[in-house]
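Observations on the model geometry
One letter stands for each residue in the lines below.
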Amino acid sequence: MIQIQQWLLPPQPLASPLHRRSLLFSGHRHHKHSSALSFSKKLLVCNCATSDSVSEESKEVVKVRAYPFHEIEQRWQKFWDENRTFRTPDNDELDTSKPKFYVLDMFPYPSGAGLHVGHPLGYTATDILARLKRMQGFNVLHPMGWDAFGLPAEQYAIETGTHPKITTFKNIDRFRTQLKSLGFSFDWDREISTTEPDYYKWTQWIFLQLLKKGLAYQAEVPVNWCPALGTVLANEEVVDGVSERGGHPVIRKPMKQWMLKITAYADRLLEDLEDLDWPESIKEMQRNWIGKSQGVEVDFRVLGRDNQETDAKVTVYTTRPDTIFGVTYLVLAPEHPLLSSVVSKAQQSIVEEYKEIASRKSDLERTELQKEKSGVFSGCYARNPVNGEAIPIWVADYVLGSYGTGAIMAVPAHDSRDHEFAKKYNLSIHWVVTSDECCDDFEKPFSGEGDVINSSSSETGLDINGLHSKEAANKVIEWVEKTGNGNRKVNYKLRDWLFARQRYWGEPIPVVFLDENGETIPIPETELPLTLPELDDFTPTGTGDPPLSKAVSWVKTVESNSGKPATRETNTMPQWAGSCWYYLRFMDPKNSTQLVDKKKEMYWGPVDVYVGGAEHAVLHLLYSRFWHKVLYDIGVVSTKEPFKCVINQGIILGEVQYMACKDQDGNYVSAEFFDALGEPKQERIPEEKVTKSGNSFVLKDDPSIRLIARAHKMSKSRGNVVNPDDVVAEYGADSLRLYEMFMGPLRDSKTWNTSGIEGVHRFLGRSWRLIVGLPLSDGTYENQTVTVDEKPSLEQLKALHRCIDKVTDEIEATRFNTGISAMMEFVNFAYKWDKLPRSIIEPFVLLLSPYAPHMAEEIWFRLGHSTSLAYEPFPKANPAYLQDTTITLPVQINGKTRGTVQVEVSCTEDDAFKLASLDQKLSKYLDGKTVKKRVYVPGKILNVILERESTKVGSR
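Attention here is on the structure that accompanies the text. Throughout this description, residue numbers start from 1 for each chain and increase along the sequence as written. Given that this is a predicted model, residues contribute local features only at a pLDDT of at least 70 and side-chain atom pairs are listed and counted only at 80 or more, while totals for whole chains, interfaces and linings are drawn from all residues. Values reported for side chains reflect all heavy atoms of the structure, with hydrogen atoms and water molecules removed beforehand.

Overview of the pattern of salt bridges
Side-chain pairs of opposite charge can arise where the charged atoms are in close proximity. Basically, it comes down to this: By salt bridge we mean one thing: a side-chain nitrogen of Lys or Arg within 4 Å of a carboxyl oxygen of Asp or Glu. Only DSSP runs of H or I with at least four residues qualify as helices, and only runs of E with at least two residues qualify as strands; both kinds are numbered from the N terminus onward. The buried label goes to any residue with under 20% of its type's maximum accessible area, the exposed label to any with over 50%, and the partly exposed label to all in between, with areas taken from a 1.4 Å probe on protein chains only.
According to the stated counting rule, one finds 45 salt bridges in the structure shown. For Lys-600, the salt bridge is made with Asp-588, and the minimal N-O distance between the two is 2.9 Å. With Lys-600 in helix α17 (residues 598-604) and Asp-588 in the loop between α16 (582-585) and α17, this residue pair connects regions lying twelve residues apart in the sequence. The two residues Lys-600 and Asp-588 agree in class, both being buried. For Glu-683, the salt bridge goes to Lys-662, with nearest N and O atoms at 2.5 Å. You can see Glu-683 sitting in strand β31 (residues 681-685) and its partner Lys-662 sitting in strand β29 (residues 657-662), a full 21 residues away along the chain. By sharing partners, the salt bridges in this structure join Asp-90, Asp-187, Arg-190, Asp-588 and Lys-600 into a single network.

In structure tokens, the structure reads:
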């Protein structure tokens, strides 16, 4: 165990415990501190317990600290750091007979902006879980590292001339300092960064394994090329035709790129989702991204000028073969390889112009359902194999060359996009499926299943009229396969992973190309890592060649085995690469001979709890799962999945902003008239000028003016970012941790309110003064507590064990906010007690420690302990104290409920009546009265029937 050094607390004078006990339980302990002033004010700080010690003149500028967090937190952070309190020993030092708990945060990209208060939400949750599990006897792995390669650092380097390595290291230092200031129990001995050669050596090694298995290959593919950034962007990095970062124009351009064959694992990625303890919404997003469907590929023969079939054919994939008689045109993607050979001379220039326009759009733009469909006629026709009809071939950008076959059969009667396109270009619409759900006037497309109509051909012999859609589909597939016009097919929306970027700040791809023939040769594993060359100029070349092409002496090399001249790959890996497998490296971060030691991986894997934002629901998690399955297949890992449980924390929005609408003359207008004003001017109203009226917010000076109240995601542009450093300086890290957990359920989005943190800060102050007592006259505190070594009462034991039971359950269920509520209730109870038994307070301090570790460690030390509480056994609730031995018994007088009494569960009728007779409220109904009868149902009710009083005739 780690011994606490005596230098932790400065020597302080001791007062009489009896005298301090009388002070503590006097009215002073109920004092309410003055409210906190804003961050921007210069504060004169003191440790006063009451405002009586502050002069009237200085009250406006004095911030009264609820407890000395500014001393406590620095002291314990230094202690944890110097003593490596949270270091997880290597397996040779570890008792592997104990259960393990691997809790991991999605590690951050260290941006120059540092943390805002939204970031610690997930980190605090995982830290509470980690601290609980350590105290429950688990071996805990709770590491932190940096996903530090990527475009932002490179863009900053280009703009400022600062090497991205320097920027990255500086940002990492800032992030690390901020995280340590919040008291997170990370094992900093295991810290990793994706930019370190010792780390990306193994990222490159994984790439070579993918290459060996045929899962990495090069292909000429249309990509999102951003000339300004000089790189290829993934679809999710393009928004409305411009780059997500910087807003630069993006065009579609064919380029030779490295691809990873994630599609080979599509079925396993889909099937293995079922056993994961993940949010159902996340699993559904992955299912939709993979997009498995079962259908048929059908060949439509292209017709020549003489209307005869040629050797060319357009192959389409469809999941609705039951609608094939309703096909009235085909659509090719602008990038379809067959397009140039089927376009007529008359339409050639029109089609070429259309292709050029389409190349400037992202896949997301092209497939957006809301956008107006566009297209051009190719001038050519194809034959529908089921009825022999000649149908026109069109070109439209809502069809993607990367999905399916790059061509579709259009059935406008039964597909909304096809219907919109057909209406716009006056193309035929043939209804072939009907149902009670579809319109009688056939004006709107019907995409559901039903009974097939208008679907027979004497020429081909296929007749599916009258069949239900499913039965008709099967009959069409059988006919297509029998006649050689197509084949049954399983298709996926999932595309192979584009695995190359034209940038400098990324992992070099470990292959060379022989100069004599361009053959791709992987570099030997013994030569890893292939490190980035030092470059002074990492700006885009503007030609499509990556910045690494400027490192001529690095690019020109020889192939190791043959000694032949060769050229290195100058593309680098995408940012996703390093984050695909980092959870494995944390298990064995210093291993220079293996990616991860087999025994360590078998003990620690998989990750038990993985916490991060829902924005990573698809790509990061899907790519990690893909790589993990490849590593499983080659024997590197022992589990099929990397993350057992995934939790998505909600977003913390900026503080609510109040906006007032103004008309053209500058007069305030109530918000309900917003739409009627068109686009009215809006003015931000300070919070002090706002009041609540019912469910709305209004101007204090004019309550008839209702305001617009909104909270937005924190961003520099909105000016609503709250820096955690400021919060820690004013309230302390424990208060920030507690507030973020108390705001609401972990998974929900919440709105930041700086004034809201004062409530949990007061709770911590009350807890501190309850146990440590009031400060001395000089503002300091004793090194001891006001607890006593006496036997606790039954009431105290019940209060404690109810709290233990609730807090334990709520932490394990990640309902952290209700766990805090339970501790608040306990403190309220404790303030009513005359004495605080040590045997009651010590377990409470352990309960508090996962949430507020700095304060808990300090109180633990003051309670006389010589070791950190980080590994103390977490309290366990005794069921005997969770049972209520008393109940509230309703008491009726002549059938009317007149009050209640507290009775023991085993209370007899006589005892219940005696208690009712002594009750102040009930006794007035019973005193002097004659009881006729008593009806007693144990634990349910006591009904006392009184004799009716007789009244003489003529008396008043």
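Here we look at unusual backbone geometry
Residue Pro-529 is reached from Leu-528 by a cis peptide bond, and omega for that bond is 5°. Tracing the backbone shows Pro-529 in the loop between β23 (520-522) and α14 (552-555). Residue Pro-606 is reached from Gly-605 by a cis peptide bond, and omega for that bond is -10°. The phi dihedral of Asn-454 falls on the positive side, at around 50°, and the residue is not glycine. Mapped onto the elements, Asn-454 comes out in the loop between β19 (451-452) and α13 (469-483). By relative accessible area, Asn-454 is classed as exposed at 56%.

Things to note about the sheet that holds strand β7 (residues 216-226)
Threshold: One requirement defines pairing of two strands: DSSP has to find at least two bridges between them. By definition, residues are in contact when any of their heavy atoms lie within 4.5 Å. Helix axes are fitted to C-alpha atoms over the stretch in contact, other axes to C-alpha atoms as well, and angles between N-to-C directions run from 0 to 180 degrees.
Strand order in the open sheet formed by four strands is β8-β7-β11-β21, with antiparallel pairing between adjacent strands. In the strand order of this sheet, the two ends are held by β8 (231-233) and β21 (497-498), each with one partner. Strand direction decides the pairing type here: strand β11 (residues 251-260) and β21, joined by two bridges, are antiparallel. Pairing of Met-259 across the sheet is with Leu-498, part of β21. On the sheet, helix α6 (residues 197-212) packs against β7 and β11 and is oriented at approximately 90° with respect to β11.

In short, the description is geometric, and any link to function would need to be established separately.
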